[in-house]
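# Coordinate analysis (summary)
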There are 2 protein chains.
Amino acid sequence: MSENKIKRIEEQKLRKFTQDVFLSMGCSEEDATLAADVLLKADLRGIDSHGVARLIGYVRLWDKGRINSRPTIRIVHETPSTATIDGDAGLGLVVAPFAMKIALEKAENVGSGWVSVKNSNHFGIAGYHALMAVNNDMIGMAMTNASPLVAPTFSKERMLGTNPICYTFPAGKYPPIVVDMATSTAANGKLEVAQRKNLSIPSGWVQDKNGADSRDAGELKEGGSLLPLGGDRDHGSHKGFGLSSAVDIFSAVLSGASYGPWAPPFVSFLDPADDQPGEGLGHFLGAWRVDGFRPVDDYKRNIDQWIDRFKKAERTNESQPVIIPGEPEELAERINRTEGIPLVDAVVEDLNSLAERFNIQAIQFS
Amino acid sequence: MSENKIKRIEEQKLRKFTQDVFLSMGCSEEDATLAADVLLKADLRGIDSHGVARLIGYVRLWDKGRINSRPTIRIVHETPSTATIDGDAGLGLVVAPFAMKIALEKAENVGSGWVSVKNSNHFGIAGYHALMAVNNDMIGMAMTNASPLVAPTFSKERMLGTNPICYTFPAGKYPPIVVDMATSTAANGKLEVAQRKNLSIPSGWVQDKNGADSRDAGELKEGGSLLPLGGDRDHGSHKGFGLSSAVDIFSAVLSGASYGPWAPPFVSFLDPADDQPGEGLGHFLGAWRVDGFRPVDDYKRNIDQWIDRFKKAERTNESQPVIIPGEPEELAERINRTEGIPLVDAVVEDLNSLAERFNIQAIQFS
């Protein structure tokens, strides 16, 4: 089974490679460093679908003129605790951290800060942006709308993205709690994995083009759609639809971005519809200062006790403890920092095609 | 089938009755009026489980000395956009609107406002509090922790409440969008309905005391637990668990209330554990001014278009349109205001026992 052996690349090598690609797109040194940091964080945390696997996708959007590598990001509206940012069609990987910094400044000044973003692009993992809060003893929040792939309850039409929500909570002796989740039953990346391995998927993940439940991981290519968290009405899919709607409204209706089925697709071969109701993709980011509510030490004593208690929850199966949100990603990050970041062959091929095009050194595993 | 005929009572009669019960508990005129308004709103909106059906539960907690009918609610910590409230063991029905008013004032002043609440009790429907925002052209948010009934993914222990999240979005020509959802697959009220009708429930709602999936609506009485939204790991129950955890942390760890399995139970025959880590139940409430982000008219034009487009989403079944979050409750409210509020016999019996005890006129349907 040697063909399935995972090849790992040293973090610094992959980081340098990724920066070089963004520099080749015309990004500033600072933006290329930041954008690479966001993608690498996904790979380090084991969220492969949102890391360098998407690098070629960003390049293709830039080729199409849909990503501006030299954006003038600016505040278009604000109050002491809120603001709206125009991302100037920049990389979401750069626009979202810019917005989050403003949210953190506002939180520093008045206790909480909220920034809605329009005219942006795919921002990588929500966790990167929300985690910017925790080192300042703040709670972070990040959400974004995304390419329409998910059908509302009772519909067979792709109207919403996998629209993630992320909350990050600083802790005391423990790593932060990170709730970072697509509001669909399964993220698209999980379908891709099942397709590669030729496995059928659980019911409740996708439906076919007529709205019938399907176990076929390739259903999206046949006009099918992802299902909201819950899967069907009996299992609460109206809740997944409700959450996804909230993400879409906060990210796009509140900012002036494009919403619902108009959200610009990430894949470059699909053009955005002509009748766009807003500008680009939207995000919504925020932070609360813990000491806006109570002394940080009191909070940390309690959050550590919360974690301790949930780790000790009675197990259904003795060998499987309860997982604190964010634990698996924290563990992956520790391993991948030391042992290198695993890359599958298909991604290596994509990266090497970029290396050739931009005259960068190809991926080196040794 | 005349025994199943729904009996309806005029809103004003039920409101007066409910106020009289709260007055008999020693509430002030103002608090009794407000608490009755919160319960009636649930009944009007068709959320029967959270309306006057719970009135006897509040009385029983007061009997036990766990509800203070004359609380001194006060701010214990604040910044320009945040505050923490001590509810002084008052009715959540009174404490939560008090907190939300402070959130609205802060939003008025600095764009957004956030209030965490400790030392409170069950606050009724989250929607009541979050809806206080929309008439001021604000977006509202409300969440609360609750009696532990839900097991984390991989656990068979009741560690969390059904911990609801509510977002309310003002619209232009349409009623507000209201996303108001328990973070468990099914709310406890749905189990009660299935039990009354002697129906089996879908898989993914509850598990038995050993952690095996069960179709028995009575499983909770046998040591079983509710499952987080998603049902099992394959269907995303770690997401429901993550959301529920976030609600618990915002509501109780951030405020200094009791969290996780320590959350004080609503039923009076279960005493809170002796080793309480905080004070009472916790809530978290907030509001954002729409014009903290963009002009209200622009937002309203877009949110109305959002609603129009989602109403037109292609249907799986021609007879069932997509439901905009909050539509069914809006419809119920219009019907129940005109035709009266439906009450089941068991609730009427409970109410009449209160009438007898407090020397109030019994429920009158005609």
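Residues numbered from 1 in each chain as written. Chains lettered and ligands numbered in written order. Predicted model: local features only at pLDDT ≥ 70, side-chain atom pairs only at ≥ 80, totals over all residues. Heavy atoms only, no water.

## Overview of the sheet that holds strand 6 (residues 165-169) of chain B
All names here are of chain B. Spatial strand order, 2-3-4-11-5-6-7: seven strands in an open sheet with mixed pairing. Each edge of the sheet is formed by a strand with only one pairing partner; in this case those strands are strand 2 (74-78) and strand 7 (177-181). Between one strand and the next, the sheet's axes are offset by a mean angle of 15°, whatever the strand orientation. Sheet topology places strand 3 (residues 82-86) next to strand 4 (residues 112-120); five bridges connect them, and they run parallel. From the neighbouring strand, I85 faces strand 4, where its bridge partner is V117. In this fold helix 4 (residues 92-110) packs onto strand 2, strand 3, strand 4, strand 5 (138-144) and strand 11 (281-289), with an angle of close to 160° to the strand it touches most, strand 4. (Pairing = 2+ DSSP bridges. Helix = DSSP H or I, 4+ residues; strand = E, 2+ residues; numbered from the N terminus. Axes fitted to C-alpha atoms, helices over the stretch in contact; angles between N-to-C directions. Contact = heavy atoms within 4.5 Å.)

## Focus: the nonpolar core
Grouped together as the largest cluster of nonpolar side chains are 100 residues, with contacts concentrated most on Y167, F169, F250 and W288 of chain A together with F169, F250 and W288 of chain B. In this structure F169 of chain B touches A246, I249 and F250 of chain A together with V134, I139, P176, I177, Y299 and I303 of chain B, once residues within four positions along its chain are discounted. (Core = buried A, V, L, I, M, F, W, Y, C linked by side-chain atoms within 4.5 Å. Buried < 20%, exposed > 50% of the residue type's maximum accessible area, 1.4 Å probe, protein only.)

## Considering a nonpolar patch on the surface
Residue and element names in this part refer to chain A. A cluster of nonpolar side chains, V267, F269 and L270, forms an exposed patch at the surface whose accessible area comes to about 300 Å². Here V267 lies in the loop between helix 7 (237-253) and strand 11 (281-289). Overall, V267 belongs to the partly exposed group, its relative accessible area being 32%. (Patch = residues over 30% accessible without salt bridge, like charges linked within 9 Å, V, L, I, M, F, W, Y side chains within 5 Å. Areas by Shrake-Rupley, 256 points an atom, 1.4 Å probe, with all protein chains shown as cover. Salt bridge = Lys/Arg side-chain N within 4 Å of Asp/Glu carboxyl O.)

## Regarding the interface of chain B and chain A
By a widely used convention, the size of an interface equals the accessible area lost when the partners come together. Chain B puts 88 residues into the contact, and the matching count from chain A is 90 residues. Ranking the residues of chain B by area buried against chain A places F154, K239 and F293 of chain B at the top, with a combined share of 10%. Our count for the contact surface shared by chain B and chain A stands at two salt bridges. Here E157 of chain A makes a salt bridge to R309 of chain B, at a shortest N to O gap of 2.6 Å. Inspection of the chain B/chain A interface yields 44 residue pairs in polar contact (both at pLDDT 80 or more). Looking at the side of chain B that touches chain A, the elements with two or more residues in it are strand 2, strand 3, strand 4, strand 6, strand 7, helix 7 (237-253), strand 11 and helix 8 (296-311) of chain B. At 10 residues, helix 7 of chain B tops the list of elements feeding residues into the side of chain B that touches chain A. By residue class, the composition of the side of chain B that touches chain A is 45 nonpolar, 28 polar and 15 charged. (Buried area = accessible area lost by both parts, 1.4 Å probe. Polar contact = N/O pair within 3.5 Å; in protein donor to acceptor, adjacent residues only side chain to side chain. Nonpolar A, V, L, I, M, F, W, Y, C, P; charged D, E, K, R; others polar.)

Note that all results are geometric; they support no functional claim without further evidence.
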